[in-house]
Amino acid sequence: FSTEKENAFKAITKANFHSLTDSSKVFISFGEIDCRANEGFIYATAKHKKPIENLVSDTVRGYIDWFAEQNHSKNHSLFFLNVPAPIYNDNLSKEVNRKVSSTIKFFNYSLHKIVSDYGFNIIDVCKFTVENDGFSNGSFHIDNYHLSSDAIPEIEKQIGTFL
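Criteria and thresholds
Residues numbered from 1 in each chain as written. Predicted model: local features only at pLDDT ≥ 70, side-chain atom pairs only at ≥ 80, totals over all residues. Heavy atoms only, no water. Axes fitted to C-alpha atoms, helices over the stretch in contact; angles between N-to-C directions. Helix = DSSP H or I, 4+ residues; strand = E, 2+ residues; numbered from the N terminus. Left-handed = near helix turned anticlockwise from the far one by under 90°. Contact = heavy atoms within 4.5 Å. Nonpolar A, V, L, I, M, F, W, Y, C, P; charged D, E, K, R; others polar. Buried < 20%, exposed > 50% of the residue type's maximum accessible area, 1.4 Å probe, protein only. Arc of directions from axis to C-beta. Phe/Tyr/Trp six-rings, centres within 6.5 Å; stacked < 30°, edge-to-face > 60°. Lys NZ or Arg CZ within 6 Å of the ring centre and 35° of its normal.

1. A short note on the packing of helix α3 (residues 52-71) against helix α4 (residues 94-118)
Phase 1: Relative to each other, α3 and α4 sit at 35°, their axes nearing to 9 Å. Where α3 crosses over α4, the two elements pack in a sense that is right-handed. Residues I52, E53, V56, S57, V60, R61, I64, D65 and A68 of α3 lie in contact with α4, whose contacting residues are T103, F106, F107, S110, L111, I114, V115, D117 and Y118.
Phase 2: For the contact of α3 with α4, the per-class residue count stands at 11 nonpolar, three polar and four charged.

Structure, rendered in structure tokens:
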């Protein structure tokens, strides 16, 4: 989504996005895979020798720009979910765990800023999943990455503030 080139992911998302009734409430989640230890931003930083902050902000900007362009004729209310706090992974080094946590923190910061610039809405799933150390409080994850249905009431509370 952050590149100019068309691809299958954009095509299917565009078709689904445009199939919705105008002025729908649309919830969009991306970035969780991009923030993992052995994929996405951390891997790309090492491969391309580019600062992670640049990769994250460029990617987030590209995604939000793409959705904003798609939304011109649809007038949907867009709700972007940020990335939940990471589960500390004992199979990774302390340094790699720290990189994952800081990547998620910067991703969420960038997402919030860019979403706000467009006047879209942000659902902050990190704020109710994070402990003071930057890692998950263990209350809302169903596995090492994904939120369980226990997160729904917390998300609904935030949605209520937009209505």
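2. Describing helix α2 (residues 40-48)
Phase 1: Of all the positions in α2, only F41, I42, A44 and T45 are classed as buried. Buried residues of α2, seen end-on, are gathered within an arc of 165° and therefore sit on one face of the element.
Phase 2: Looking at the buried positions of α2, the neighbouring elements they touch are α3 and α4.
Phase 3: Within two residues after α2, K49 carries a phi angle of roughly 55°, on the positive side.

3. Considering the packing of aromatic side chains
Phase 1: The tally for this structure, following the rule as stated, stands at 14 aromatic pairs.
Phase 2: Ring plane angle 20° and centroid distance 4.2 Å describe the contact between F30 and Y63, whose orientation is recorded as stacked. With F30 in the loop between β1 (25-29) and α2 and Y63 in helix α3, this pair connects stretches of sequence that are 33 residues apart.
Phase 3: On the basis of relative accessible area, Y63 is assigned to the buried category, the value being 14%.
Phase 4: Their ring planes at 75° and their centres at 5.4 Å tell us that F79 and F162 sit as a pair that is edge-to-face. Note that F79 is positioned in strand β2 (residues 77-81) and F162 in helix α5 (residues 152-162), a separation of 83 residues in sequence.
Phase 5: On the basis of relative accessible area, F79 is assigned to the buried category, the value being 2%.
Phase 6: Site record: aromatic cluster; members linked through ring pairs are F17, F30, F41, Y63, W66, F67, F80, F107, Y118 and F120.
Phase 7: Above the face of the Y145 ring, R36 is positioned so that its terminal group lies 3.8 Å from the ring centre.

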